[in-house]
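Inside the fold
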Amino acid sequence: MALWPWPVTTFASASREKITFRLEDEVDLAGTKITGFFYAGRFYPVKGWKELYRKAIKLIYETEPVALIRMANHPGFPDISADFQAGMEEILEGIYIHTSSSVKSKLRVLRLIFEECGLEGDLLEIQTTLPAM
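Described below are features of the structure shown in this document. These numbers were taken from a predicted model, which means no experiment stands behind them.

1. Comments concerning the overall build of the protein chain
- Within the protein chain, the regular secondary structure consists of three helices and seven strands.
- Seen in sequence order, the protein chain has helices and strands lined up from the N terminus as β-β-β-α-α-β-β-β-α-β.
- Relative to its length of 133 residues, the protein chain is extended, with a C-alpha radius of gyration of 20 Å against a globular reference of 14 Å.
- Viewed in the frame of its principal axes, the protein chain has a C-alpha envelope of about 80 × 30 × 25 Å.
- Expressed as a percentage of the 133 residues in the protein chain, the buried residues total 38%.
- Taking the contacts inside the protein chain whose residues are at least 6 apart along the sequence as the reference set, 60% of them involve residues at least 24 apart.
- Across the protein chain, the mean location of the 15 positive side-chain charges is 8 Å away from that of the 18 negative side-chain charges.

2. Looking at unusual backbone geometry
- The backbone of Ala40 sits at a positive phi, close to 55°, despite the residue not being glycine.
- Mapped onto the elements of the fold, Ala40 is located in the loop between strand 2 (33-39) and strand 3 (42-45).

3. What about the pattern of salt bridges?
- The tally for this structure, following the rule as stated, stands at six salt bridges.
- The closest approach of N and O atoms between Glu24 and Arg22, which form a salt bridge, is 3.1 Å.
- Assessed through its relative accessible area of 38%, Glu24 is described here as partly exposed.
- Judged by its relative accessible area of 35%, Arg22 is partly exposed.
- Glu51 is the salt-bridge partner of Lys55, the closest N and O atoms lying 3.3 Å from each other. Of this pair, Lys55 and Glu51 both sit in helix 1 (residues 49-63), separated by four residues, roughly a single helical turn.
- Overall, the relative accessible area of 25% leaves Glu51 in the partly exposed class.
- Where salt bridges share partners, they join Arg22, Glu24 and Asp25 into one cluster.

4. Re the sheet that holds strand 5 (residues 88-92)
- Taken together, three strands build an open sheet; the order of strands is 4-6-5 and the sheet is antiparallel. Of all strands in the sheet, those with a lone pairing partner are strand 4 (80-81) and strand 5, marking the two edges.
- Bridge analysis of strand 5 against strand 6 (residues 95-98) gives four bridges, and the strand direction is antiparallel. From the neighbouring strand, Glu90 faces strand 6, where its bridge partner is Tyr96.

5. Examining the packing of helix 1 against helix 3 (residues 103-117)
- The N-to-C vectors of helix 1 and helix 3 enclose an angle of 10°; their axes lie 10 Å apart at closest approach. Overall, the two elements helix 1 and helix 3 adopt an arrangement that is roughly parallel. On the side of helix 1, the interface is formed by Trp49, Lys50, Leu52, Tyr53, Ala56, Ile57 and Ile60, while helix 3 contributes Val103, Lys106, Leu107, Val109, Leu110, Ile113, Phe114 and Cys117.
- Within the contact of helix 1 with helix 3, the residues separate by chemical class into 13 nonpolar, no polar and two charged.

6. Some thoughts on helix 3
- Between its terminal C-alpha atoms helix 3 stretches 21 Å, which fits the 21 Å expected from 15 residues at 1.5 Å a residue.
- Among the residues of helix 3, Val103, Ser105, Lys106, Leu107, Val109, Leu110, Ile113, Phe114 and Cys117 are the ones counted as buried.
- Buried residues in helix 3 make contact with strand 2, helix 1, helix 2 (65-72), strand 4 and strand 7 (124-129).
- Following helix 3 by one or two positions, Gly118 has its phi on the positive side, about 70°.

7. Quick look at the nonpolar core
- Counting residues in hydrophobic clusters, the biggest one holds 35 residues, and the most contacted among them are Tyr39 and Ile113.
- Elements with a contribution of two residues or more to this core: strand 2, helix 1, helix 2, strand 5, strand 6, helix 3 and strand 7.
- When near neighbours in sequence (up to four residues on either side) are disregarded, Ile113 contacts Ile57, Ile60, Leu68, Met71 and Ile80.

Conventions adopted
Within each chain, residues carry numbers counting from 1 in the order of the written sequence. Two thresholds apply to this predicted model, a pLDDT of at least 70 for residue-level local features and 80 or more for giving and counting side-chain atom pairs, whereas whole-chain, interface and lining totals are computed over all residues. Where side-chain values are given, they derive from all heavy atoms of the structure, hydrogens and water being excluded. A run of H or I in DSSP counts as a helix once it spans at least four residues, and a run of E counts as a strand once it spans at least two, with each numbered from the N terminus. Each radius of gyration reported is based on C-alpha atoms, and the globular scaling rule is 2.2 Å times the count of residues to the power 0.38. When accessible area is computed with a 1.4 Å probe and restricted to protein chains, residues below 20% of their type maximum are described as buried, those above 50% as exposed, and intermediate ones as partly exposed. Pairs of residues are marked as contacts when any of their non-hydrogen atoms sit within 4.5 Å. His residues and chain termini do not enter the charge count, which takes Lys and Arg as positive and Asp and Glu as negative. Each charge is placed at NZ for Lys, CZ for Arg, CG for Asp and CD for Glu. For this document, the term salt bridge refers to a Lys or Arg side-chain nitrogen within 4 Å of an Asp or Glu carboxyl oxygen. Only when DSSP finds a minimum of two bridges between them are two strands counted as paired. Here, axes are lines fitted to C-alpha atoms. For helices the fit covers the stretch in contact, and angles between N-to-C directions go from 0 to 180 degrees. When an angle is under 35 degrees it counts as roughly parallel; over 145 it counts as roughly antiparallel; between 65 and 115 it counts as roughly perpendicular; any other value is oblique. Nonpolar residues are Ala, Val, Leu, Ile, Met, Phe, Trp, Tyr, Cys and Pro. Charged residues are Asp, Glu, Lys and Arg, and all others, Gly as well, are polar. Here, expected helix span is obtained from the residue count minus one, scaled by 1.5 Å. Think of a nonpolar core as a cluster: buried Ala, Val, Leu, Ile, Met, Phe, Trp, Tyr and Cys residues, connected wherever their side-chain atoms sit within 4.5 Å.

Here's what the structure looks like:
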C-alpha cells in the first residue's frame, strides 16, 4: 500500500516587522510591543514598557545623577520623587517613580527628564513591533 506524498508548501508565518522610533518623535506607541531600546548606541532588550522606563532612568542616572536627584527633590516633577508615595517604586536609592502609568505618560516623563538633563532626544531609540492585525 502506497502513502500519499507529503504536501509541499511555500507558506511562512508573517514575521512582525521591527520599527525604531526616537524618543523625540511624537508618535503614539500605545498598542505596540516593545522589543528593546538603544541608548547611546547600545541595544538593551526589554520585555515591556515598564522595564524600558526603569532601565532608561537608571542609564540616565549614570551620567546625570545630580539632575535626576534635583528633579526627585523638586515638587514640580510629580512622577519622580525622593520620597515614597502610593503607587511609586524605588528604582534607585532615594529615587521613586510611578511605573503603573500609560506608555504615553512614561514617554512624556522620559522626554521631560531628557530636557532637564540637557540630553538629546535621539540618544534613546525605541524598537517596537506593530500590533497584530
